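Secondary and tertiary structure notes
So you can see what is in the structure, the chains are spelled out below.
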Amino acid sequence: MNKIMMKVTQTHEPSAGADRVGAGIALAMVRLTIGAMFVWVFFENRGKGLYTPAGYTGLINYYIAHSHSPGVWKTIMGLAASHASMAAPLQGVTEISLGVLLVLGLITRPVALIACAFLASLWVSEWGTAWIWELLVPVLASLALAVGRAGRTWGIDASLARSRPDSLWW
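A brief structural summary.

**Things to note about helix H6 (residues 108–125)**
For H6, built from 18 residues, the straight-helix expectation of 26 Å at 1.5 Å per residue is met to within 8% by its first-to-last C-alpha distance of 25 Å. Along H6, the residues classified as buried are Thr108, Arg109, Pro110, Val111, Ala112, Ala115, Cys116, Phe118, Leu119, Trp123, Val124 and Ser125.

**Focus on unusual backbone geometry**
The phi dihedral of Ile107 is positive, around 40°, even though this residue is not glycine. Among the structural elements, Ile107 can be located in the loop between helix H5 (84–104) and H6.

**A closer look at the nonpolar core**
Formed by 20 residues in total, the largest nonpolar core has its most connected members in Ile34, Phe38, Leu98, Leu102 and Leu145. Of all the secondary structure elements, the ones that give two or more residues to this core are helix H2 (16–48), H5, H6 and helix H7 (133–147). Ranked by residue count, the leading element in this core is H6, at 8 residues. For Ile34, the residues in contact, after removing those within four places along its chain, are Leu102, Pro138, Ala141, Ser142 and Leu145. In terms of nonpolar packing, the next biggest core, distinct from the first, is built from 8 residues, Ile60, Met77, Ala84 and Ala87 among them.

**Quick word on the packing of aromatic side chains**
Applying the stated criterion across every chain yields a total of 5 aromatic pairs. Both rings, one in Phe38 and one in Phe118, keep their centres 6.1 Å apart while their planes meet at 40°; by these two values the pair is tilted. Within this pair, whereas Phe38 is found in helix H2, its partner Phe118 is found in helix H6, the two being separated by 80 residues in sequence. Ring centres of Phe42 and Tyr51 lie 5.4 Å apart, and the angle between their planes is 20°; on these two criteria the pair is classed as stacked. Note on accessibility: Phe42 and Tyr51 belong to one class, buried.

**Notes on H7**
In an α-helix, one turn spans 3.6 residues; hence positions three or four apart end up facing the same way. Taking 1.5 Å of rise per residue, 15 residues should cover 21 Å, and H7 covers 21 Å from first to last C-alpha, within 8% of that figure. Those residues of H7 that sit buried are Leu135, Leu136, Pro138, Val139, Ala141, Ser142, Leu145 and Ala146. Directly after H7, the chain includes Arg149, whose backbone phi takes a positive value near 55°.

About the criteria used
- Every chain is numbered on its own, with residues counted from 1 as its sequence reads.
- Only residues with pLDDT of 70 or above have their local features reported here, since the model is predicted, and side-chain atom pairs are shown and tallied only from 80 upward, although totals for entire chains, interfaces and linings are computed over all residues.
- As a convention, hydrogens and water are excluded, and side-chain values are obtained from all of the structure's heavy atoms.
- Secondary structure is summarised from DSSP: a helix means a run of H or I of at least four residues, a strand means a run of E of at least two, and numbering begins at the N terminus for each.
- What a helix is expected to span follows from its residue count: subtract one and scale by 1.5 Å.
- The buried label goes to any residue with under 20% of its type's maximum accessible area, the exposed label to any with over 50%, and the partly exposed label to all in between, with areas taken from a 1.4 Å probe on protein chains only.
- Nonpolar cores were defined as sets of buried Ala, Val, Leu, Ile, Met, Phe, Trp, Tyr and Cys residues, with membership established by side-chain atoms within 4.5 Å.
- Here, two residues are considered to be in contact whenever any of their heavy atoms come within 4.5 Å of each other.
- Between rings of Phe, Tyr and Trp, where Trp is taken as its six-membered ring, a pair exists when centres lie within 6.5 Å; planes separated by under 30 degrees are stacked, by over 60 edge-to-face, and by other angles tilted.

Limitation: the analysis is restricted to geometry and does not speak to function.
Right, here's the structure in full:
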């Protein structure tokens, strides 16, 4: 009887390899979602004129006036607003680049870390002006993408990992 129970238990428990495949697929789905979010936000912000100096300055000044961000952070936002002719297009390039690289699964680990830091900065900027979970969930999801090597499933990083599997880049 004991041998029968062991055999039944063994056949119904997923193997470690199957767990890894499932986790890789789950992370790839999160990676594609966060990447698509960045691409979508880029086009949405572009349509709103937020990558122009005037649009960018207006948004940043709104956050300075209405958010509950720390004073030091508001000073940093003010500096960005005063250099909106550079900061606005730089934010646009950052958002579209992060989105495309995440969708492609290319150098996913560093891109996901940058996305985590970028989204965290936006989260702090929006304190008190938006639902707190709106950006916190993508911040943590981006961190999970870096930790879990999310580009190795359905991404270009899978090909790169064949030649250098221990690289921190993918």
